[in-house]
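Chains, contacts and geometry: an overview
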Amino acid sequence: MSENNIQQPEFMPEVEKLQGEISSLKERLDLVENNREKVRPKIYEKVKGEYEEKLTVLFDQLNPFKEKIDSEIESLQNEIAEFQEEAEGCEEETEEFQLRFFAGEFSEDDFEPKQKELQDRLDTLKLNIEEKKDAIKNLKVTLSFITGEPLEEEEEEEEELEEAVEDEDIPEEDLEAPVEDEYPEADEDIAEADEDIAEADEDIADADEDIAEVDEDIADADEDIAESYEDDEVYEDSEDEYSAEEDEGEESDTGMEDYPDTQMKDMEDLDAPVEEVGEEGDDYVWTSTPVLDVIEGDFTGESYHMDKDRITVGRGPNNDIQLATDTSVSRHHAQLTQEGSHYILVDLESSNGSSVNGIRITRVSLRPNDEIMIGQSKLIIRPSQD
């Protein structure tokens, strides 16, 4: 190595520190992407957004160094030009000294020390040139990292090859030999950028699927609203029919003499609140402890005996029935309780709700072979075989 080793620019430690933080954040983003299915979409989007925001801040801090790196590269190129000029002069001086020696102007004892001195000086100049070229390459790699642009192809080697062909130093066919990649790190960065683009495309596809699911939920809600309107129309038709019959009937002081008590009771029922599925009138009396079988979902084949007064269902680890891998299940989704000889399912205000036999419920008394839908898991309740 030469005594004039290239000193790292004073700003480079800070640049390398920022590069390290950016690389670390990119690795974290990759891990977040790989584990996105294990958490709720909003948690994934939150963490990913925070990391991407930090990444933007770091790149903003790195951008001002671009001008300094450009200036440093220009300075090194000027130094290389000076060294090359000096090396050319040294080579000419060596050739002249050799010619004079061949002409007998110097003795061999005088020639050898002088030739060694000139050769050492030339070697030192060439070493300095190579060191500065290496420094420029490293700076250009850093510059490519900052700008996100691929490295420009070096034309210098091609020019040297053309000159060599003209001087007949090397055969022209060697120009067609494949050139080894001089910037493997830049190629890795480009490959990573391509992977990021591919992952972004996957995220867009996932977002489209989520939008489609939301559209389906809206369509279901519209159907529920339409059904409720149909129920209202039935009620209004009943009132109209009642009014028409009243007009046709015999007049009385009360205006209701022509209608039996049973008809009056039916009219009163129209104003009564709709009972939830499974109220006391529909309760089934269980004579044995029921069993819950999972027939669809990640836990298909599992069975759970309802041998406790209260059994909780959810994604959290503290539930009696844990559906841990189903992200559409809330941490505390629903509970089943024993009330005497009845078993009641209660939805715990979960995000996606619970349903029994295709009907969304808040509280329902269960009967044998009822199909319970919690998230993507379908369970069926049956009497135990004991």
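As a starting point, this report considers the structure included with it. Predicted model only: the values in this text are computed from it and were never measured.

A look at the environment of Glu296
- Tracing the backbone through its elements, the reader meets Glu296 in strand β1 (residues 290-296).
- Glu296 sits in the partly exposed class, given a relative accessible area of 37%.
- Linking Glu296 and Ile380, residues 84 residues apart in sequence, is a C-alpha distance of 9.7 Å.
- Apart from residues no more than four positions distant in its own chain, Glu296 is found in contact with Gln376, Ser377 and Lys378.

Topic: helix α1 (residues 12-34)
- Over its 23 residues, α1 extends 33 Å from the first C-alpha to the last, a length consistent with the 33 Å expected when each residue adds 1.5 Å.
- When we look at burial in α1, the residues that qualify are Met12, Val15, Leu18, Gln19, Ile22, Leu25, Leu29, Val32 and Glu33.

Focus: helix α4 (residues 108-147)
- Between the first and last C-alpha of α4 there are 58 Å, a value that for 40 residues agrees with the 58 Å anticipated at 1.5 Å per step.
- Residue Gly148 follows α4 closely and has a positive phi angle near 75 degrees.

So, the packing of aromatic side chains
- In total, this model carries seven aromatic pairs according to the counting rule given.
- With a centroid separation of 5.3 Å and an interplanar angle of 10 degrees, the aromatic rings of Phe97 and Phe111 are classed as stacked. Linking Phe97 in helix α3 (residues 65-102) with Phe111 in helix α4, this pair joins segments that are 14 residues apart in sequence. For the pair Phe97 and Phe111, one class covers both residues: buried.
- Both rings, one in Phe101 and one in Phe102, keep their centres 5.9 Å apart while their planes meet at 55 degrees; by these two values the pair is tilted.
- Linked through ring pairs, Phe97, Phe101, Phe102 and Phe111 together constitute an aromatic cluster.

Describing the environment of Phe11
- Residue position: Phe11 is located in the segment before α1.
- Overall, Phe11 belongs to the buried group, its relative accessible area being 11%.
- In sequence terms Phe11 and Phe65 are 54 residues apart; their C-alpha atoms lie 8.0 Å from each other.
- Apart from residues no more than four positions distant in its own chain, Phe11 is found in contact with Phe65, Lys68 and Ile69.

Some words on the side chain of Lys378
- On the secondary structure map, Lys378 appears in strand β11 (residues 377-383).
- With a relative accessible area of 18%, Lys378 lands in the buried category.

Re the layout of surface pockets
- The volume enclosed by the largest pocket comes to roughly 1600 Å³.
- Lining the largest pocket are 42 residues, and of these Glu213, Asp217, Ser328, Asn352 and Gln376 sit closest to its centre.
- At the level of elements, α2 (41-62), α6 (184-248), β7 (354-356), β8 (359-361) and β10 (371-374) are the ones that each hand at least two residues to the lining of the largest pocket.
- When residues of the lining of the largest pocket are assigned to their parent elements, the largest contribution, 12 residues, is made by α6.
- A class-by-class count of the residues in the lining of the largest pocket yields 10 nonpolar, 14 polar and 18 charged.

Calculation rules
- Residues numbered from 1 in each chain as written.
- Predicted model: local features only at pLDDT ≥ 70, side-chain atom pairs only at ≥ 80, totals over all residues.
- Heavy atoms only, no water.
- Helix = DSSP H or I, 4+ residues; strand = E, 2+ residues; numbered from the N terminus.
- Buried < 20%, exposed > 50% of the residue type's maximum accessible area, 1.4 Å probe, protein only.
- Contact = heavy atoms within 4.5 Å.
- Expected span 1.5 Å × (residues − 1).
- Phe/Tyr/Trp six-rings, centres within 6.5 Å; stacked < 30°, edge-to-face > 60°.
- 1 Å grid on protein atoms, 1.4 Å probe; cavity = no way out; pocket = protein on both sides within 12 Å on 5 of 7 lines; lining within 4 Å.
- Points joined across faces, edges and corners; volume = space filled by probe spheres on them.
- Nonpolar A, V, L, I, M, F, W, Y, C, P; charged D, E, K, R; others polar.

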